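# Residue-level structure breakdown
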Amino acid sequence: MKSKIQYPPELVKEDEDETLVQSQHWALSHGLCMLDDGEKISQTSHAPFTLFPTPFPKSGFEEALSVQKAFNELYFSVSRNNEWLENVVSELAGFDPDFTGKLFDIHLKVKKASGPQQPLSAGLFRSDYIVSDKDQIKQVEFNTVSVSFGALSSRVSELHDYLISNGVYGIEYPLQSVPVSPALKELANSLAQVHNEYIKTSLSDESSPASILMIVQPNERNIFDQRLLEYELNQTHSIFTHRVTLTEAQQKTCLIEENRLIHQQSGDEISVIYYRSGYSPGDYFSEKEWENRLFLECSYAIKCPSVTTQLAGTKKVQQLLTERAVINKLAPKITERDVDALLNAFVAIHPLDDQTPEGRHARTLAFDHPQHYVLKPQREGGGNNIYKENIPGFLTSTPKTNWSAYILMELINPPEMKNKILRNGKVHEGDIVSELGVFGGVLWDNTTGECLMNKQDGWLLRTKLQSSDEGGVAAGFGCIDGVYLV
Ligand code: ADP
Ligand code: MG
């Protein structure tokens, strides 16, 4: 950022009080909300958000948006390359038989399944970044399954925009410095395109009504983020979405001829299976959920994402992609300029095996300089990483033969920043860290390799107080934010 700016702005007490009231009313009126308890659907609060948009370097922001399509292409190329991906994942599966192993098993079974197989595959991706001390964006991780907060990110930036344009803060921001994230509209546009492509290539002669199937967690607290997307699909694209949990899938849907998936109650044919669940072991309560995942994967509906694309999102794959030669081999269509941009977005990520010189070197780094690193297993959804000084002790207590299941990633050190976070009506103030997520929508043909859609779908800024290592919003450490471009 150009210079150290005083942030957040000091408001006179009257203006701050007014901002607090206005922002909470706006949030509750526009679905910027979360359920207090997933079992009680009438008790809701505003989602945690920052009172002000957080300063973010304009050049890094633009870079993150512009590199998204190259990342989309890279990951769909990985997902299509069975030989390469199977080689990587089969090893991980051995270390983690209960989760990665089971997903991999489904991937292998789907390949052998009988009946017509859907050639098209879709993804709503999100690439997450932290700004480095040099003001560059550096990738934290790439998510290929169940990316959330698209809708609420649009809402938060609309809220900040509302407060600014109506002079509620009592201060001014430079024109166009607080952009509104189009994620809600764009993610819905992407899903609608996938849906329409299914209908265009339909196997059935009669035009039966089709809808989207969202696979959800039971008692989801972040329900409004999902509902807003459903309503957008419905209002703008006249597409209806059915919600079922992984547990209910075979009870509420069935397969008819040609593996077409039917929603039982409505009789609708399912065009797209959109996963907002199924990304972590906790989503599979018993064998039933695994059976249901396999059942869904074998249907002719377009999966968003397929189990294979989900596996392409493992952290081990991210580590392997930090090499130019690997990118060139997997995605030869990406231009050299874009490959440069992809490589620029990575920090050092090391393997921890004992077969390669790099892996052996990283094994010493982890003990000699742990303060510069985060150790990550192949898991999603927060709360799984081991940080800094905790790394040596953790590794010592883990059998050496299992170390290859982890990656060692250089820590990104963001510039100091402050903001005010509003949670349950209370203001928390202090040093913060923000993570930018850029959404991508992509649809491709696995058999021909043709890309039918590749879009950048807006962004999300998540912010947490620096005192906590992880920034999960639903988990209670973080909040949703908007960018103030400087
Ligand atoms: P998950 O799949 O659990 O979301 P992440 O890789 O996104 O895993 O890590 C979780 C959180 O840990 C991130 O949101 C970020 O706050 C922190 N984190 C992860 N990697 C780094 C890194 N290299 N530097 C700084 N913080 C990191
Ligand atoms: Mg993450």
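Treat the numbers as computed from the prediction; the structure is a model and nothing was measured.

Definitions and limits used
Residues numbered from 1 in each chain as written. Chains lettered and ligands numbered in written order. Predicted model: local features only at pLDDT ≥ 70, side-chain atom pairs only at ≥ 80, totals over all residues. Heavy atoms only, no water. Helix = DSSP H or I, 4+ residues; strand = E, 2+ residues; numbered from the N terminus. Buried < 20%, exposed > 50% of the residue type's maximum accessible area, 1.4 Å probe, protein only. Salt bridge = Lys/Arg side-chain N within 4 Å of Asp/Glu carboxyl O. Phe/Tyr/Trp six-rings, centres within 6.5 Å; stacked < 30°, edge-to-face > 60°. Lys NZ or Arg CZ within 6 Å of the ring centre and 35° of its normal. Near = heavy atom within 4 Å. Polar contact = N/O pair within 3.5 Å; in protein donor to acceptor, adjacent residues only side chain to side chain. Nonpolar A, V, L, I, M, F, W, Y, C, P; charged D, E, K, R; others polar. Axes fitted to C-alpha atoms, helices over the stretch in contact; angles between N-to-C directions. Parallel < 35°, antiparallel > 145°, perpendicular 65-115°, else oblique. Left-handed = near helix turned anticlockwise from the far one by under 90°. Contact = heavy atoms within 4.5 Å.

### Brief notes about unusual backbone geometry
Residue P8 is reached from Y7 by a cis peptide bond, and omega for that bond is -5°. Inspection of the secondary structure assignment puts P8 in the segment before α1 (13–29). In the segment running from C304 into P305, the intervening peptide bond is cis, with an omega of 0°. Tracing the backbone shows P305 in the loop between β12 (302–304) and α11 (307–312). Its identity is not glycine, yet S238 carries a phi of approximately 55°, on the positive side. Since its relative accessible area comes to 66%, S238 is described here as exposed.

### Regarding the pattern of salt bridges
Within the structure shown, the criterion is met by 29 salt bridges. Between R126 and D128 there is a salt bridge, with the nearest N and O atoms lying 2.8 Å from each other. D128 matches R126 in its accessibility class, with the two residues each being buried. A salt bridge links K252 to E248; the nearest nitrogen and oxygen atoms lie 3.6 Å apart. Taken together, the salt bridges that share partners define one network made up of R126, D128, E435 and R462.

### Digging into the packing of aromatic side chains
Evaluated as defined, the whole model comprises 18 aromatic pairs. Taken together, a centroid distance of 6.4 Å and an interplanar angle of 75° make the contact between Y7 and F52 edge-to-face. Taken together, the residues Y7 in the segment before α1 and F52 in the loop between β3 (49–50) and β4 (54–56) connect sequence positions 45 residues apart. Accessibility assignment for this pair places Y7 and F52 in one class, buried. The structure contains a cluster of three or more aromatic residues connected by ring pairs, namely Y7, F52, Y169, Y173 and Y484. If you follow R293 out to its NZ or CZ, it ends over the ring of Y275, 4.1 Å from the centre.

### Some thoughts on the site of ligand 1
In the region of ligand 1, 20 residues are neighbours, and K315, K376, G382, Y387 and E435 sit closest. Measuring from an oxygen atom of ligand 1, one finds a side-chain N or O atom of E380 at 3.3 Å. A distance of 2.6 Å is found between an oxygen atom of ligand 1 and a backbone nitrogen or oxygen belonging to G382. At the level of elements, β6 (137–143), β14 (373–376) and β16 (407–410) are the ones that each hand at least two residues to the shell around ligand 1. Looking at the shell around ligand 1 residue by residue, the class counts come to seven nonpolar, three polar and 10 charged.

### Structural notes on the packing of α1 against helix α6 (residues 150–165)
It is the contact of α1 with α6, at a shortest axis distance of 10 Å, that shows an interaxial angle of 140°. In terms of orientation, α1 and α6 fall into the oblique class. Classified by chirality, the crossing of α6 by α1 is right-handed. Residues T19, Q22, S23 and W26 of α1 touch α6, and the partners they reach there are R155, E158, L159, Y162 and L163.

### Examining the side chain of D96
Here D96 is to be found in the loop between α4 (82–95) and α5 (100–112). Of the polar contacts made by the side chain of D96, one reaches the side chain of T100; its length is 2.6 Å. Ignoring anything within four residues of it in the chain, the contact list for D96 reads G101 and R379.

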